[in-house]
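Remarks on the overall topology
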Amino acid sequence: MTSLFSKFDGTASALGALVQAGGRNPFAVVIEKPISSTVGVIEGRETLLFGTNNYLGLSQSERAIKAAQDAVGKYGVGTTGSRIANGTQSLHRQLEQRIAAYFGRRDAMVFSTGYQANLGMISTLVGKDDYLILDADSHASIYDGSRLSPAQVIRFRHNDAEDLHKRLKRLDGTPGAKLIVVEGIYSMTGNVAPIAEMAAVKRETGAYLLVDEAHSFGVMGEKGLGVAEEAGVEADVDFVVGTFSKSLGTVGGYCVSDHPELEMVRLNCRPYMFTASLPPEVIAATMAALEDMQEHPELRTHLMANAAHLHAGFHRIGLNASRQVSPVIAVTLESLEQAIPMWNRLLDLGVYVNLSLPPATPDHRPLLRCSVMATHTPAQIDQAIEIFRQAGLESGAIAESAL
Amino acid sequence: MSETVESVSALIIQKLLANPKVPRDIDGNCKIMEDLAFDSLAVMNFVMEVEDTLDVSVPLDKLADIRTINDLATCIVDLKNKG
Ligand SMILES: Cc1ncc(COP(=O)(O)O)c(C=O)c1O
């Protein structure tokens, strides 16, 4: 009889090799205790966190912690139901109204995660004769949404508005609506979408546009609304999808839109309907974190200054780091033989970053995904750069001659 | 349209052979993932190149049914005749 599990043989041997080469399972790191937003205890040692999505440090917001504690006392710990049944409390509607108001949009839908927000919106908006036009480097939640939808799915080259245009032009004359899906900041590489160019293509071709601002909300734009605000093309975006699990430091997803039909999406969207709603303490903490974000625009200034600091440092020490400055900075390595020892050495020396391996990386080379926070101090960033230099030299990722 | 399954299949093989990792003895009956050791991402990226040469878009849902080089050629010829 065939084993149910033989399909995992490849993963098991790849993981075995990884652990053998580096001494640790990179996908089983445990943060034993957070000390602050920027420091956590890993393997008993205080470790600098440079691989989270906690861009503004709000996972440790005092206001959010207090709000969560109060909400638990008042409302209990969970809702035990779907948003369309017993899972909508006044807090849920309040959060939707606040998110919509902050974006200056008609309404918002709050989902239990950002993954479900993409899954739900993408699978529900496009029907059988419609077309989904996706950036080739889209997040798994976008690809999974496309698989759940009956629409025809077409990929265009990553961040290439001309290629998007060409592929939409090929569809000229076909019946069915077209929905373009792009991200604001790409989570693995830190690449920023050329959203003004994408918006122009959208206008010219009469398509709809959905932008996943998961990593750009709270990070880009004057109010922190993301790349569309930064580029001045918010009016061209039909649907903004986002998450509370990054800059706001909690958990949950949302979609905001001016289309009044959003109300009908609620009643057709399986990942919204067939799962329990967020617990009250998460909703309360999210609203508090949103207030922090609105009242402290300087968090974004610090974040960008820190991003520029780390970016310049990486380039100075000769690492192959992202070209664009963004809070996500990817260091590309040539081989697993460099990446595995380097990632392990960084952790030995007290810096945690994310290890990303092919085929999950865009160009089949391994990446160290680094992210900065508004709450990192200049001294912490300098310390991280020094540790990268040491680990880079030891693993061969930095050539001696480059220094 | 002038393309036939044979001509498109030949073009696909020619493009594949430009990649030094691809075995030299491939033909239209080769299974793209199994015989050429392409993962799903590599298949999608390769199809994008073919799309550009032939000015056609192959929806991802159609890719699910494609196993061999000839399957891909047949699918592309169908799409071109429809358009
Ligand atoms: C681009 C993008 N979209 C959506 C998500 C999903 O967010 P969440 O963590 O809320 O499920 C993520 C994070 O994993 C992401 O990177």
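Basis of the calculations
- In this convention, every chain numbers its residues from 1, walking through the sequence in written order.
- As a convention, the first chain written is A and the first ligand written is 1, with the rest following in written order.
- Local features in this predicted model are restricted to residues whose pLDDT is 70 or higher, and side-chain atom pairs enter the listing and the counts only when it is 80 or higher, whereas totals over whole chains, interfaces and linings include all residues.
- The side-chain numbers reported here are obtained from all heavy atoms of the structure, hydrogens and water having been left aside.
- Going along the chain from the N terminus, every DSSP run of H or I of four or more residues is numbered as a helix, and every run of E of two or more is numbered as a strand.
- The globule rule is 2.2 Å times the number of residues to the power 0.38, and the radius of gyration it is compared with is taken over C-alpha atoms.
- Each residue is placed in one exposure class: buried if its accessible area under a 1.4 Å probe, protein chains only, is under 20% of its type's maximum, exposed if it is over 50%, and partly exposed if it falls in between.
- Note on definitions: a residue-residue contact is assigned when non-hydrogen atoms from the two residues lie within 4.5 Å.
- Shrake-Rupley sampling with a 1.4 Å probe provides the accessible areas, and residues are treated as covered by the protein chains on show and by no other component.
- Each domain's extent was defined by an automatic or database domain assignment.
- Buried surface area refers to the total accessible area, computed with a probe of radius 1.4 Å, that the two partners give up upon joining, counted for both partners together.
- Any Lys or Arg side-chain nitrogen located within 4 Å of an Asp or Glu carboxyl oxygen qualifies as a salt bridge.
- Think of a polar contact as two N or O atoms within 3.5 Å of one another; within protein, one of them needs to be a possible hydrogen donor and the other a possible acceptor, and neighboring residues in sequence only count if both atoms come from side chains.
- Inter-axis angles, ranging from 0 to 180 degrees, are taken between N-to-C directions of lines fitted to C-alpha atoms, where helices are fitted over the stretch in contact.
- Roughly parallel here means an angle under 35 degrees, roughly antiparallel means over 145, roughly perpendicular means 65 to 115, and every remaining angle is called oblique.
- Each helix crossing is assigned a hand: it is left-handed if the near helix lies turned anticlockwise from the far helix by less than a right angle, otherwise right-handed if that turn is clockwise.
- Polar here means any residue outside two lists: the nonpolar Ala, Val, Leu, Ile, Met, Phe, Trp, Tyr, Cys and Pro, and the charged Asp, Glu, Lys and Arg; Gly therefore counts as polar.
- For this description, a residue counts as near a given molecule or strand if any of its non-hydrogen atoms is within 4 Å of it.
- Any two strands with at least two DSSP bridges between them are considered paired.
- In a helix, the anticipated span is given by 1.5 Å times the number of residues less one.
- UniProt positions are given in the numbering used here, feature names are shortened, and annotations may be inferred rather than shown by experiment.
- We call a crossover right-handed when, viewed with both strands directed away from the observer, the connection leading from the first strand over the helix to the second proceeds clockwise.

**Regarding the overall build of chain B**
Assigned secondary structure in chain B consists of five helices and zero strands. Taken from N to C terminus, the helices and strands of chain B fall in the order α-α-α-α-α. For chain B, the C-alpha radius of gyration of 12 Å lies close to 12 Å, the compact-globule estimate for 83 residues. Projected onto its principal axes, the C-alpha positions of chain B cover 35 × 25 × 20 Å. Across the 83 residues that make up chain B, the buried fraction comes to 45%. Restricting the contact set of chain B to residue pairs at least 6 apart, pairs at least 24 apart contribute 58%. Accessible surface, chain B: about 4500 Å² in total, of which carbon and sulfur atoms supply 52%.

**Details of the domain arrangement of chain A**
Residues and elements named next belong to chain A. Taken domain by domain, chain A consists of domain 1 (6-59 + 297-402) and domain 2 (62-295). Counting residues at the interface gives 21 residues for domain 1, matched by 27 residues for domain 2. Around 1800 Å² of area is buried between domain 1 and domain 2 when both sides are counted, 57% of it from carbon and sulfur atoms. Together, Tyr55, Leu58 and Arg300 form the three largest contributors to the area buried by domain 1 at its contact with domain 2, with a combined 31%. The interface formed by domain 1 and domain 2 contains zero salt bridges. In this assembly, domain 1 and domain 2 are joined by six residue pairs in polar contact (both at pLDDT 80 or more). With four residues, helix H12 (residues 298-316) is the single largest residue contributor to the side of domain 1 that touches domain 2.

**Brief notes about the packing of helix H1 (residues 5-17) of chain B against helix H3 (residues 40-54) of chain B**
When two helices pack together, their arrangement is captured by the angle between the axes and the distance separating the axes. All names here are of chain B. Where H1 contacts H3, the two axes come as close as 11 Å, and the packing angle between them is 125°. Taken together, the axes of H1 and H3 lie oblique to each other. Viewed along their axes, H1 and H3 form a crossing whose handedness is right-handed. Residue-level contacts link Val8, Leu11, Ile12, Lys15 and Leu16 of H1 to Phe46, Glu49, Val50, Thr53 and Leu54 of H3. Along the lines of polarity and charge, the residues of the contact of H1 with H3 split into seven nonpolar, one polar and two charged.

**A closer look at the site of the ligand**
All names here are of chain A. Taken together, 15 residues are adjacent to the ligand, and Gly114, Asp212, His215, Thr243 and Lys246 come closest. Between the ligand and the protein, one listed contact pairs an oxygen atom with a side-chain N or O atom of His139 at 3.2 Å. Of the residues forming the shell around the ligand, the biggest block, three residues, is contributed by helix H4 (residues 114-125). Partitioned by chemical class, the residues of the shell around the ligand number two nonpolar, ten polar and three charged.

**Describing the sheet that holds strand E11 (residues 328-332) of chain A**
Residue and element names in this part refer to chain A. Strand order in the open sheet formed by three strands is E11-E14-E13, with antiparallel pairing between adjacent strands. Because the sheet does not close on itself, it has two edges, and the strands there are E11 and strand E13 (354-356). On average, adjacent strands in this sheet sit at an angle of 25° to one another, irrespective of strand direction. Two elements, E11 and strand E14 (residues 367-371), share five bridges in a ladder whose sense is antiparallel. From the neighbouring strand, Val328 faces E14, where its bridge partner is Ser371. Along the sheet face, helix H13 (residues 336-348) touches E13 and E14 and points at about 170° away from the line of E13.

**Some words on the sheet that holds strand E2 (residues 39-42) of chain A**
Residues and elements named next belong to chain A. Across the sheet, which stays open at both edges, the four strands sit in the order E1-E2-E3-E12 with mixed pairing between neighbours. The open sheet has two edge strands, strand E1 (33-34) and strand E12 (351-352), and neither has a second partner. Sheet analysis places E2 next to strand E3 (residues 45-49), joined by four bridges and oriented antiparallel. When the bridges of E3 are listed, Val39 appears paired with Leu48.

**Notes on H3(B)**
Within an α-helix, residues lying three or four positions from one another point in the same direction, as the helix has 3.6 residues per turn. Residues and elements named next belong to chain B. In this model H3 runs 21 Å from its N-terminal to its C-terminal C-alpha over 15 residues, within 8% of the 21 Å that 1.5 Å per residue would give. Three or more residues of H3 are buried, namely Leu41, Val43, Met44, Phe46, Val47, Met48, Val50, Glu51 and Leu54. Residue Asp39 occupies the N-cap position of H3, its side-chain oxygen lying 3.2 Å from the main-chain nitrogen of Leu41. Immediately downstream of H3, the backbone of Asp55 shows phi near 55°, a positive value.

**Re the pairing of E14(A)**
Residues and elements named next belong to chain A. In terms of burial, E14 is largely enclosed, as five of its five residues are buried. Every second residue of E14 is oriented toward a common face, with Leu367, Arg369 and Ser371 on one face and Leu368 and Cys370 on the other, all of them buried. Sheet topology places E13 next to E14; three bridges connect them, and they run antiparallel. The partner of Leu355 across the bridge, within E14, is Leu368.

**Focus: the UniProt feature "domain: Aminotransferase class I/classII large" (unreviewed entry) in chain A**
Within this structure's numbering, the places UniProt gives as "domain: Aminotransferase class I/classII large" (unreviewed entry) are residues 47-386 of chain A. As annotated, residues 47-386 of chain A has a helix share of 41% and a strand share of 16%, and its two end C-alpha atoms lie 14 Å apart.

**Considering the interface of chain A and chain B**
Interface size, as often reported, equals the accessible area lost upon joining of the parts. On the chain B side, the residues contacting the 16 residues of chain A number 16 residues. Approximately 1300 Å² of surface area, both sides summed, lies buried where chain A meets chain B, with 47% of it carried by carbon and sulfur atoms. The tally of links between chain A and chain B comes to six salt bridges. There are 14 residue pairs in polar contact (both at pLDDT 80 or more) connecting chain A and chain B.

**Side note on the pairing of strand E7 (residues 178-183) of chain A**
In summary, the side chains of a regular strand alternate between the two faces of the sheet. All names here are of chain A. With respect to burial, E7 is a largely interior element, six of its six residues being buried. One ladder, built from four bridges, connects strand E5 (residues 131-135) with E7; its direction is parallel. From the neighbouring strand, Ile133 faces E7, where its bridge partner is Ile180. Pairing of E7 with strand E8 (residues 208-212), which is carried by five bridges, proceeds in the parallel orientation. Among the inter-strand pairings, Ile180 is bridged to a residue of E8, identified as Leu209. Viewed along the sheet, the connection from E7 through helix H7 (residues 195-205) into E8 turns out right-handed.

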